[in-house]
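Each chain is listed here by its residues.
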Amino acid sequence: MDDQLILARLSDLGIELPPPPTAVASYVPVRVSGSLAFVAGQVAMLDGAVMHPGLVGASEGTSVTVEQAAEAARQGALQALSALREALGSFERLAGIVQMTVYVACEPGFTGHPLVANGASDLLVEVLGEAGRHARVAIGVASLPLGTCVEVAVTAELD
């Protein structure tokens, strides 16, 4: 894909690519194997803080709304793009997004996982067009690192 075209598209959308994430434990942000790039799970961060920490749920008083969690998922996908660009040197080798997994920290009985994951999926399509369409898993979990409500992992195809 054309690096400058993707950066221009981000600018047109009023989106700034965040600084590339750094590993906080014993892993790498991106691992390239053959024609695939595996982006480590992205915890949505904004100004050095976890976006919308807590659990997503349907009950009154839940700490994180579906809308807030979708916003965090969107940020996680944006961070994944930043990680890819850093690892590859540009978006030139990026052919598209193959698969994404969105983990949602939620209350038992919550079933809106796809609504949360749409925040990430929609961002990838807005920025990359058809190359951003992907297979997806959205799954609920009891907790996530740093108390985040969402973690996003991406697999990309490379040219």
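Residues numbered from 1 in each chain as written. Predicted model: local features only at pLDDT ≥ 70, side-chain atom pairs only at ≥ 80, totals over all residues. Heavy atoms only, no water.

**Side note on the overall build of the chain**
Point 1. Along the backbone of the chain there are three helices and seven strands.
Point 2. Relative to the globule expectation of 15 Å for 159 residues, the C-alpha radius of gyration of the chain, 15 Å, shows essentially globular dimensions.
Point 3. Overall, the C-alpha framework of the chain stretches about 45 × 35 × 30 Å when taken along its three principal axes.
Point 4. Here the chain, with 159 residues, has 43% of them falling under the buried criterion.
Point 5. Restricting to contacts in the chain with at least 6 residues of sequence separation, those with at least 24 account for 78%. (Helix = DSSP H or I, 4+ residues; strand = E, 2+ residues; numbered from the N terminus. Rg over C-alpha atoms; globule rule 2.2 N^0.38 Å. Buried < 20%, exposed > 50% of the residue type's maximum accessible area, 1.4 Å probe, protein only. Contact = heavy atoms within 4.5 Å.)

**Focus on the side chain of T148**
Point 1. Its location among the elements puts T148 in the loop between β6 (135–141) and β7 (150–158).
Point 2. Residue T148 is classed as buried on the basis of its relative accessible area of 0%.
Point 3. Engagement of the side chain of T148 in a polar contact is seen with the backbone oxygen of V150, the distance being 3.1 Å.
Point 4. If we skip the residues at most four places from it in the chain, T148 touches V43, A44, V50, M51, P53, G54 and A105. (Polar contact = N/O pair within 3.5 Å; in protein donor to acceptor, adjacent residues only side chain to side chain.)

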